[in-house]
Amino acid sequence: MSSETFVVAYEGDPDDPNVLDYAIHRAKAEGARLLLIHVLEWSPYSFLTPQELEERHGRRKQELARANEVVMAPALAKCEAAGVPADGKIRYGQVVELILEETKTAGATVIFVGRSGSNSMAARVFGSVPLGLAQVAPVPTVIVP
Amino acid sequence: MFDRKAFPLAAGFALSGAAAQAQTIDETINSVVGAATGPFVSFIFSPFPGTSFPWIVLWLVIAATIFTIYFAFVQFRSFPHSIALVSGKYSDPNDAGEVSHFQALATALSGTVGLGNIAGVAVAVSIGGPGATFWMILAGLMGMASKFTECTLGVKFRNEYPDGTVSGGPMYYLSKGMAVRGFGGLGKGLAILFAIFCVLGSLGGGNMFQANQAHAQIVNIVGDYPGWITGVIFAAIVFAVIVGGLKSIAQVTEKIVPFMGVLYVGTALIVLLINYDRIGWAFGEVFDGAFTGAGVAGGFVGALIQGFKRAAFSNEAGVGSAAIAHSAVKTKEPITEGFVSLLEPFIDTVVICTMTALVIIITGVLQVDPETGNYLWNAELGRVETVGDVSGVALTSAAFGSALSWFPYILAIAVILFAFSTMISWSYYGLKAWTYMFGEGKAQELSFKILFCVFVVIGAAMNLGPVIDFSDAAIFAMALVNIFGLYFLMPIVKAELNSYNARLKSGEIKRFA
């Protein structure tokens, strides 16, 4: 039984469960555990109106609750049903940066990420999460179509 | 039968008749509102007995000096720490997604950086001469301590509601904070009084002045037309944002304004560089005028008064408004927001206002008597003679235009955006004060928002003189109440400061980056 951890950069798109399915499949085959990371895009350097400032704390609570209910909980349930031990984390910030940070902290050996969005022109100009990870990840990264 | 050729002629007559009538709408608004606000303005700006010095300016200056000394020149000693806080070095990663120090600072700045930095400075320099710049910078530096005090209290005595919203500011720290010090009744009274003046301030400086000078710059570009037309258009857009909830306009404005600010300062630097051979002379004018008045009526006292007035109006140190924005930040240490907020008067006054003043001085739009070297004084208008006989934002525009002929067009866009962002921020501050007095509720909110939009029209229609007088008076009235309370509450801030500094030194305050 391996004690490896695989990180899954999980967007939570119900139309695209491939990355989670594949990660579960690989983790089961190798007896690894999964660490699902869901990142809510946020920057401490963005500009807000005074009303947004007042409401931010409350909105953050709502966003976290929603992310947990709609994204993380069903995904963790799926892992459990498949017999794969899994943990989940919801983080605020820049996706690539946080995935790398969590990978380092957990000592993960592989990153799984969905390919959605990396084909478009915008992705080629502005970058996308899978392309960004492919360039800077310190561990093997699997881009799941 | 109706002659088709006569139609354009008839339309022309009708329009010119309407325009003539429209002029009198502006004049009517000007005389009515000017008369109504006159007594209030006279009281606030009445001189100290035996002098010509407005007592309210003395009040602000003494407060800033006392806070500077009481907190041992915190604005200079803690400046590097303020920068570290804003860049997130002490921000807990677990707090990601909450209001960051940078966001609180940026929001407060978008409320303070407005037409005061562009037009108000032009008024100050044309009345007080170049020496007003020196006193303005000094007031900005000392005002950092006032802002430090009030924003610390804003976080310390804020209300956090079950639904997650946060409300803070002078109404709360005056009522709750004074109660802690044993002056609950007085505190409540001060809080109500502050709320009244905050509403007036939001209608004056945060609204009328902005609309007025935005219209003035548009007129500068496209030609004269009645102010109430600009007012109605602006009011409609402001209405769409604050009543209609059309957040996209507010969000776009908030994002563009910082870039316009950087563009404005950058362009000012270019103008200074174009006139690099006069930079030394310009600074000489500033220092010379600061202590001798350089031939300006009122002498150096006039320069001092104008400098302090404009600094206070522009950076709102001691006024209490920024404490409302800063109170939403996520932090366990209220004093950290004090550190962050002291950067505001620096950015607003010492950087942006000074840039405006130097551009006006260096480009020579203030007329000089070639024989005496003194500035030509227009006694009737009560200010220095200017090229094109302009004042306010038109003077700033002329100054930039003399070096970069296309800049007045960019300035017009910048002015409109600055005006909007200030109006959006101040409509919020005024609303907070209004609901503090009359309670939360859809009817109360709507009534204030409609009132606010009406004043957009009034401000655009009036002349600069009565608008700036009322705007100044309302803002200073807020400072009158706020600073009175700050004197009682400053020991609380000192305790926070000492505790934080001790824990920072011992390493108990964690650094995350």
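The rules behind each value
- Residues numbered from 1 in each chain as written.
- Chains lettered and ligands numbered in written order.
- Predicted model: local features only at pLDDT ≥ 70, side-chain atom pairs only at ≥ 80, totals over all residues.
- Heavy atoms only, no water.
- Salt bridge = Lys/Arg side-chain N within 4 Å of Asp/Glu carboxyl O.
- Helix = DSSP H or I, 4+ residues; strand = E, 2+ residues; numbered from the N terminus.
- Buried < 20%, exposed > 50% of the residue type's maximum accessible area, 1.4 Å probe, protein only.
- Pairing = 2+ DSSP bridges.
- Axes fitted to C-alpha atoms, helices over the stretch in contact; angles between N-to-C directions.
- pLDDT = per-residue confidence, 0-100.
- Polar contact = N/O pair within 3.5 Å; in protein donor to acceptor, adjacent residues only side chain to side chain.
- Contact = heavy atoms within 4.5 Å.
- Buried area = accessible area lost by both parts, 1.4 Å probe.
- Phe/Tyr/Trp six-rings, centres within 6.5 Å; stacked < 30°, edge-to-face > 60°.
- Lys NZ or Arg CZ within 6 Å of the ring centre and 35° of its normal.

Visitor: Would you mind showing me how to read the pattern of salt bridges here?
Guide: The tally for this structure, following the rule as stated, stands at 17 salt bridges over all chains. Across the salt bridge formed by Glu101(A) and Arg91(A), the nearest N and O atoms sit 3.3 Å from each other. Taken together, the residues span a long stretch of sequence, with Glu101(A) in helix H3 (residues 95-106) and Arg91(A) in strand S3 (residues 86-93) at a distance of ten residues. Linking Glu333(B) and Arg503(B) is a salt bridge whose minimum nitrogen-to-oxygen distance equals 2.5 Å. With Glu333(B) in the loop between helix H14 (321-326) and helix H15 (334-341) and Arg503(B) in helix H20 (residues 464-506), this pair connects stretches of sequence that are 170 residues apart. Comparing Glu333(B) with Arg503(B) shows no difference in burial state: the two are buried. Salt bridges here are not isolated pairs; linked through shared partners, they connect Lys89(A), Arg91(A), Glu101(A) and Glu102(A).

Visitor: What is the right way to look at unusual backbone geometry in this model?
Guide: Excluding glycine, a negative phi dihedral is what most residues carry, and trans is how most peptide bonds are arranged. All names here are of chain B. Residue Ala-72 is not a glycine yet carries a positive backbone phi of 50 degrees. Residue placement: Ala-72 occurs in the loop between helix H2 (55-70) and helix H3 (74-77). The class for Ala-72 is partly exposed, based on a relative accessible area of 30%. For Glu-316, which is not glycine, the phi dihedral falls at a positive 55 degrees.

Visitor: I'm lost on the sheet that holds strand S4 (residues 110-114) of chain A in this one. Help?
Guide: For sheets, the rule is that strands pair by backbone hydrogen bonds, running either parallel or antiparallel. Residues and elements named next belong to chain A. The parallel open sheet is built from five strands, whose spatial order is S3-S2-S1-S4-S5. Each edge of the open sheet is held by one strand with a lone partner, namely S3 and strand S5 (141-144). When strand polarity is set aside, the average angle formed by the axes of neighbouring strands in this sheet is 20 degrees. Of the pairings in the sheet, the one linking strand S2 (residues 33-41) to S3 comprises eight bridges and is parallel in character.

Visitor: For this particular structure, what's the right way to read the confidence of the model for chain A?
Guide: Where the model shows low pLDDT, its predicted coordinates should not be examined in detail. Here chain A averages 88 in pLDDT, and 88% of its residues register 70 or above. Of all helices and strands in chain A, the one with the weakest mean pLDDT is helix H4 (residues 121-126) of chain A (65), whereas S3(A) scores best (95).

Visitor: What am I meant to see in the side chain of Asn117(B) here?
Guide: Residue and element names in this part refer to chain B. Relative to the elements of secondary structure, Asn-117 occurs in helix H6 (residues 115-128). Side-chain polar atoms of Asn-117 contact the side chain of Ser-314, separated by 3.3 Å. Setting aside anything within four residues of it in sequence, one finds Asn-117 in contact with Thr-112, Tyr-264, Ser-314, Asp-348, Ile-352, Cys-353 and Thr-356.

Visitor: Honestly, the interface of chain B and chain A in this entry has me stumped. Any pointers?
Guide: Size of an interface: often given as the accessible area lost when the parts come together. Tallying the contact residues gives 33 residues for chain B and 22 residues for chain A. Together, the buried faces of chain B and chain A total about 2400 Å²; carbon and sulfur atoms form 58% of this surface. For the interface between chain B and chain A, the tally reads two salt bridges. With its nearest N and O atoms 3.3 Å apart, the salt bridge here joins Glu98(B) to Arg60(A). Across the contact surface, chain B and chain A share 15 residue pairs in polar contact (both at pLDDT 80 or more). Elements with a contribution of two residues or more to the side of chain B that touches chain A: helix H5 (101-112), strand S2 (166-167), helix H11 (247-274) and helix H18 (407-438) of chain B. In terms of residue count, the dominant contributor to the side of chain B that touches chain A is H11(B) (six residues).

Visitor: How should I be thinking about the packing of aromatic side chains in this particular structure?
Guide: How two aromatic rings sit relative to each other is set out by the distance from centre to centre and by the angle between their planes. Residue and element names in this part refer to chain B. According to the stated counting rule, one finds 35 aromatic pairs over all chains in the structure shown. Judged by centre distance (5.7 Å) and plane angle (35 degrees), the rings of Phe-67 and Tyr-487 are tilted. Pair noted here: Phe-67 is in helix H2 and Tyr-487 is in helix H20, with a separation of 420 residues, a long-range link. Take Tyr-487: its relative accessible area is 24%, and that puts it in the partly exposed class. For the pair Phe-71 and Phe-148, a centre-to-centre distance of 5.3 Å together with 75 degrees between the ring planes defines the contact as edge-to-face. In this pair, Phe-71 sits in the loop between H2 and H3 while Phe-148 sits in helix H7 (residues 131-156), placing the two residues 77 residues apart along the sequence. Grouping residues by exposure puts Phe-71 and Phe-148 together as buried. Ring pairing ties together the aromatic residues Tyr-70, Phe-71, Phe-148, Phe-339 and Tyr-500, which thus form one cluster. One residue, Lys-494, lies across the ring of Tyr-70, its end atom 4.4 Å from the ring centre.

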